[in-house]
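What follows is the residue order along each chain.
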Amino acid sequence: MKRGGVGGANTKTGLAFELKTDLPTFIAKQNGYSIHNIDRNTTRSRKTGKITIGTKLRKNCFRWRIDYQGEEVAQIFQQDGLYRYFDEIEGYDYTKIISARIKPDEAIFVIENNTVFIIEKKTQSGGGSVDEKLQTCDFKKKQYKKLFFQLNYEVEYIYILSNYYQATKYKDVLDYIISVNCSYYFEYLPLHKIGLPV
């Protein structure tokens, strides 16, 4: 549930990506969707910066193509899969754009709305370091915007939070997330919010 919204999955579409799963597994189970491994090893020369792209697909996949009714609608990136995607773009060198990699839990580029949605999942059952990580969304969104600026992609930053974060003590940080144009949902994310066909 988004703050101020109504609980439960979207009943019109029935498609809600839950906190306890990952996006590729979830999408692969939906009617009309198919998912394909497109993750290849890339190697960047430290001296020249030249990139070599492997010919075989990686077994531990962190990048997928999503098709809906046979047509590509999106790509999913997790962790280093995002940077292997950048490595495949001719003349693009992310090392000259940001000083250190930031790795998304999940990121999905939805072709129809030309937007990359960064999805961070946070669970907690007691106070700790995750609390402070919620306050980093503004910086991280700006870093992702720098990364995608040359590609002319929009960027949205979304948290999927466990119900633990509905406690009163998180009101200020949740208000902050909204104030810096990021968003959050509790336990699930309705797929229509990121523009995937439903």
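Remember, it's a predicted structure, so these values are computed and weren't measured experimentally.

Participant: How should the pattern of salt bridges be read in this particular structure?
Facilitator: Where side chains of opposite charge bring their charged atoms close, a pairing between them can arise. Inspection of every chain in the model, using the stated rule, returns 10 salt bridges. Here E88 makes a salt bridge to R63, at a shortest N to O gap of 3.1 Å. A residue pair is termed long-range when its members are at least 10 positions apart, and E88 in the loop between α2 (81-87) and β7 (106-110) and R63 in strand β5 (residues 63-68) qualify at 25 residues. Classification of E88 as partly exposed rests on a relative accessible area of 30%. When its relative accessible area of 5% is taken as the criterion, R63 is described as buried. Between K103 and D80 there is a salt bridge, and its shortest N-O distance comes to 3.3 Å. Of the two residues, K103 sits in the loop between α2 and β7 while D80 sits in the loop between β6 (71-77) and α2, which places them 23 residues apart along the sequence. Here D80 falls in the partly exposed class, since its relative accessible area comes to 23%.

Participant: Honestly, the packing of aromatic side chains in this entry has me stumped. Any pointers?
Facilitator: The geometry of an aromatic ring pair comes down to the distance between the two centres and the angle between the two planes. The tally for this structure, following the rule as stated, stands at 16 aromatic pairs. For the ring pair Y164 and Y165, a centre distance of 5.5 Å and an interplane angle of 85° mean the geometry is edge-to-face. Given the relative accessible area of 22%, Y164 is considered partly exposed. The rings of F77, Y83, Y85, F86, Y92, Y94, F109, F148 and Y153 are connected pair by pair, giving a single aromatic cluster.

Criteria and cut-off values
Residues numbered from 1 in each chain as written. Predicted model: local features only at pLDDT ≥ 70, side-chain atom pairs only at ≥ 80, totals over all residues. Heavy atoms only, no water. Salt bridge = Lys/Arg side-chain N within 4 Å of Asp/Glu carboxyl O. Helix = DSSP H or I, 4+ residues; strand = E, 2+ residues; numbered from the N terminus. Buried < 20%, exposed > 50% of the residue type's maximum accessible area, 1.4 Å probe, protein only. Phe/Tyr/Trp six-rings, centres within 6.5 Å; stacked < 30°, edge-to-face > 60°.

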